[in-house]
Amino acid sequence: TVTRAFFTGQAGAGVYFFVGLFTATTYTLAGWAREQVCTYMCPWPRFQAAMTDEHSFVVAYRAWRGEPRGAKRKTESWEGRGDCIDCKACVQVCPTGIDIRDGAQLQCISCGLCIDACNEIMDRIDRPRRLIDWTTLAADAAASRNVKPVYRILRPRTLIYTALLLVVAAVMVVALALRATVEVTVLRDRSPQFVTLADGSIRNGYTVKILNKTREAAAYHIRFDGPQGATIALVDGRPTASAVAVRVEPDAVGTFSVYARIGRSTLTEALTAVTFSVLDAQGRVVVRRSSVFAGPQSP
Ligand code: SF4
Ligand code: SF4
């Protein structure tokens, strides 16, 4: 498998290149740029701002409860002041470095760390939790007026989003169910274009690559569908009637050099359309690939 090949130093240059690339970008973005990625590079906050309204759940600071804020001694009364003691614990834990007390902001990734930090502070100073909380702006405005908040979960916006999500999920499930477990490419050798054999028949060389995406080794037959009497053989094997048996390891690409052979008398053109079919162990054709067979200009 690729994993084993990677750790034994036998993987291709492309594998090492992409592992190096992803390691370097992850280190740079997550280790150095950090919240700058959320603020300036990530498109999600822009989507989020366009998708939410006053009835959407967001992380919000209850300003009507917290203000006026300010440091407080134990001996001081809570009369005439808010519950926020301006300890800035909510700012220190914020991974994007914002102050949620300034209101909803694009940089907020709704991680909720400021809620936990503030709840701890509220426990310590013996004030009710949820000064910062998951709520909707409409509910928070109602609570500030001492009116029972109304939560509107079912709205045109949420129904449309749900329908879109279901469509995307259905497409993904269907795509996964119909996912091909085999991929095949056929490349015709260009040099030489063809070889005339001693018996007069014409031979072309091809490279057939079979990608086995399953977790088990698989046996296939490569069948050459050409004119009457066409045969195929592995470069190191014996000719067969019209197909050769091959085996591909799990999660690997099998590369097979084959010779296809056609009697000269059956070739009517310099380039003849042919087809390679890959059959599974049950004899079902799993992939077909078209190619051409080159012969002399005037057969
Ligand atoms: S953690 Fe709570 S009390 Fe402390 S500054 Fe933030 S909102 Fe105010
Ligand atoms: S929810 Fe997370 S990102 Fe948003 S303000 Fe609070 S700590 Fe910061």
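Residues numbered from 1 in each chain as written. Chains lettered and ligands numbered in written order. Predicted model: local features only at pLDDT ≥ 70, side-chain atom pairs only at ≥ 80, totals over all residues. Heavy atoms only, no water.

Peer 1: What am I meant to see in the nonpolar core here?
Peer 2: Side chains that are nonpolar tend, in soluble globular proteins, to be buried together. With 26 residues, the main nonpolar core has Ile 210, Ile 222, Phe 224, Phe 276 and Phe 293 as its most contacted residues. Counting residues per element, the ones that place at least two in this core are strand E3 (182–188), strand E5 (202–212), strand E6 (218–225), strand E8 (243–248), strand E9 (252–262), strand E10 (271–279) and strand E11 (285–294). If sequence neighbours within four positions are ignored, Phe 276 has contacts with Val 186, Tyr 206, Ile 222, Arg 223, Phe 224, Ile 232, Val 258, Val 287, Arg 288, Arg 289 and Ser 291. If you look at the next biggest cluster of nonpolar residues, it comprises 15 residues, including Val 59, Cys 114, Ile 115 and Ala 117. (Core = buried A, V, L, I, M, F, W, Y, C linked by side-chain atoms within 4.5 Å. Buried < 20%, exposed > 50% of the residue type's maximum accessible area, 1.4 Å probe, protein only. Helix = DSSP H or I, 4+ residues; strand = E, 2+ residues; numbered from the N terminus. Contact = heavy atoms within 4.5 Å.)

Peer 1: Just to check I follow, could you spell out the site of ligand 1 for this structure?
Peer 2: Not every one of the 13 residues close to ligand 1 is listed here, only the nearest: Cys 84, Cys 87, Lys 88, Cys 90 and Cys 118. Taken together, the elements giving at least two residues each to the shell around ligand 1 come down to helix H6 (89–93) and helix H7 (113–124). For the shell around ligand 1, a count of residues per class yields 10 nonpolar, no polar and three charged. (Near = heavy atom within 4 Å. Nonpolar A, V, L, I, M, F, W, Y, C, P; charged D, E, K, R; others polar.)

Peer 1: What is the right way to look at H7 in this model?
Peer 2: Every α-helix winds through 3.6 residues per turn, so residues three or four apart in the chain are directed the same way. The end-to-end C-alpha separation of H7 is 17 Å, in line with the 16 Å expected for 12 residues at 1.5 Å each. Every buried residue belonging to H7 is among Cys 114, Ile 115, Ala 117, Cys 118, Asn 119, Ile 121 and Met 122, and all of these are buried. Along its buried surface, H7 packs onto strand E1 (57–61), helix H5 (63–66), H6 and strand E2 (132–136). Count one or two residues on from H7 and you reach Asp 126, which has phi positive near 65°. (Expected span 1.5 Å × (residues − 1).)

Peer 1: Mind showing me how you'd approach the sheet that holds E8 here?
Peer 2: Two pairing modes exist for strands in a sheet, parallel and antiparallel, and in both the strands are linked by backbone hydrogen bonds. Sheet architecture is open: four strands sit in the order E8-E6-E10-E11, paired in antiparallel fashion. For this open sheet the edge positions go to E8 and E11, each flanked by a neighbour on one side alone. For this sheet the average axis-to-axis angle between neighbouring strands, irrespective of direction, equals 25°. Sheet analysis places E10 next to E11, joined by nine bridges and oriented antiparallel. In the sheet register, Val 274 faces E11, and the bridge partner there is Ser 291. (Pairing = 2+ DSSP bridges. Axes fitted to C-alpha atoms, helices over the stretch in contact; angles between N-to-C directions.)

Peer 1: Explain the pairing of E9 to me, please; I cannot follow it from the model alone.
Peer 2: Every other side chain in a regular strand lies on the same face of the sheet, so the side chains alternate between the two faces. Sheet topology places E5 next to E9; 11 bridges connect them, and they run antiparallel. Across the sheet, the residue bridging to Ile 202 is Ile 262, located in E9. The sheet contact formed by strand E7 (residues 231–234) and E9 spans four bridges and is antiparallel. Among the inter-strand pairings, Ala 233 is bridged to a residue of E9, identified as Tyr 259.

Peer 1: I'm lost on the site of ligand 2 in this one. Help?
Peer 2: In the vicinity of ligand 2, the contacting residues are Val 59, Cys 94, Pro 95, Thr 96, Ile 98, Ile 100, Cys 108, Ile 109, Ser 110, Cys 111, Gly 112 and Cys 114. For the shell around ligand 2, the per-class residue count stands at nine nonpolar, three polar and no charged.

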